[in-house]
Amino acid sequence: MTPDRLDDLGRATTFAELHSRLHLHRWEAELQEFERPNGPPSCTVRIIDGGVDGSGDIDTGDGPYVVLVDGPLKSPGHLHLWTDDYRPGLVIVRGDLLARTLSFGNGARVFVEGSVFVDDCLFGQYGDHNAVLSATGELRARASFLGAYAYIHADGGVRSLLYAPRGGWETVEPDIENEGVGDGAGFFDPAVLDRYGDLDFKLAIQAAREGRPLFLPGVEERFPARRTSRSTK
């Protein structure tokens, strides 16, 4: 089944309407990146009234795009929020975000006025434009995997096993450090490792979407903090 394209849903709108909807909102300033005179050309600007209750996978195009989801965003499958070639993308969700698996990266900045609930695994990569997934509520996932310059934040705390680099941003301390030194063999199934012994994000995302294990048996149970809420402030 072909995924729904988030930046094709709803209706075309203008930045003026988005400003009227988000007037004095904490995320209104995010629109400035797309409105400056030398900003990204041919930007897709859409609003989805009432939210999205998808029947399958949902993804985005390569950008640039701005999408206001005026309600919750739900996918029973994989939610893929992405851009390419250094293009920016902005998704603002005025409700909860729910998905079975989720990936975001490159220039995608995702702000959720509610909580993020991911049944299985969450992935963030690259951060060409400081990729971020931020929620005013809490963020829950079985496990979250972050590369350099891709960040998660939740005012209500994070409940997830976290694989990520240390430092570089105001965020929760990782359970397993993403050092890129070939030590993944001690944590991950060999099927999701690259030739250097590090986690291969592409293989890991595909495995998660197919319901295959990422961790070796017993690894997740070694990190009881994943079951508690940890602050990202």
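Preceding this section is the structure that the text describes.
Residues numbered from 1 in each chain as written. Predicted model: local features only at pLDDT ≥ 70, side-chain atom pairs only at ≥ 80, totals over all residues. Heavy atoms only, no water.

S.K.: Looking at this structure, how should I read the pattern of salt bridges?
M.R.: Oppositely charged side chains can form a pair if their charged atoms are brought close together. Summed over all chains, the structure comprises 21 salt bridges. Linking Glu 220 and Arg 142 is a salt bridge whose minimum nitrogen-to-oxygen distance equals 2.7 Å. Of this pair, Glu 220 sits in the segment after helix H3 (201-209) while Arg 142 sits in strand S13 (residues 139-146), placing them 78 residues apart in sequence. Residue class for Glu 220 comes out buried when judged on its relative accessible area of 10%. What emerges from the salt-bridge pattern is a single network uniting Arg 11, Glu 17, Arg 21, Asp 49 and Asp 70. (Salt bridge = Lys/Arg side-chain N within 4 Å of Asp/Glu carboxyl O. Helix = DSSP H or I, 4+ residues; strand = E, 2+ residues; numbered from the N terminus. Buried < 20%, exposed > 50% of the residue type's maximum accessible area, 1.4 Å probe, protein only.)

S.K.: What should I look at first to understand the pairing of strand S3 (residues 44-49) in this one?
M.R.: Consecutive side chains of a regular strand alternate in pointing toward one face of the sheet and then the other. Bridging between strand S2 (residues 11-12) and S3 involves two bridges; their strand directions are antiparallel. Bridging from a neighbouring strand, Arg 11 pairs with Ile 47 of S3. The pairing of S3 with strand S6 (residues 65-70) spans six bridges and is classified as parallel. Residue pairing across strands places Asp 49 opposite Asp 70, the latter belonging to S6. (Pairing = 2+ DSSP bridges.)

S.K.: Would you mind showing me how to read the environment of Gly 157 here?
M.R.: Counting through the fold element by element, Gly 157 comes out in the loop between strand S14 (150-154) and strand S15 (158-164). When the C-alpha positions of Gly 157 and Gly 218 are compared, they lie 25 Å apart, and in sequence the two are 61 residues distant. Apart from the residues within four sequence positions on either side, Gly 157 is in contact with Gly 137, Glu 138, Leu 139, Ser 229, Arg 230 and Ser 231. (Contact = heavy atoms within 4.5 Å.)

S.K.: Mind showing me how you'd approach the nonpolar core here?
M.R.: Soluble, globular proteins show a tendency: their nonpolar side chains are buried together. Within the largest apolar cluster, 35 residues are counted, with the highest numbers of intra-cluster contacts made by Leu 6, Phe 104, Leu 122 and Leu 133. Sort the elements by how many residues they give to this core and strand S9 (residues 97-105) lands first, with four residues. For Leu 6, the contacting residues outside a window of four places in its chain are Ile 48, Val 52, Ile 58, Asp 59, Thr 60, Val 67, Val 69, Leu 73, Leu 81 and Val 91. Membership of the second largest hydrophobic core comes to 21 residues, among which are Cys 121, Ile 176, Leu 214 and Phe 215. (Core = buried A, V, L, I, M, F, W, Y, C linked by side-chain atoms within 4.5 Å.)

S.K.: What should I look at first to understand the sheet that holds S14 in this one?
M.R.: Strands belonging to one sheet form pairs held by backbone hydrogen bonds; the direction of such a pair is parallel or antiparallel. Across the sheet, seven strands lie side by side as S2-S3-S6-S8-S10-S12-S14; this open sheet has mixed pairing. Strands at the two margins of the open sheet, each flanked by one partner only, are S2 and S14. Where S6 and strand S8 (residues 89-93) come together, five bridges link them in parallel fashion. Paired with Val 69 across the strands is Val 93, a residue of S8.

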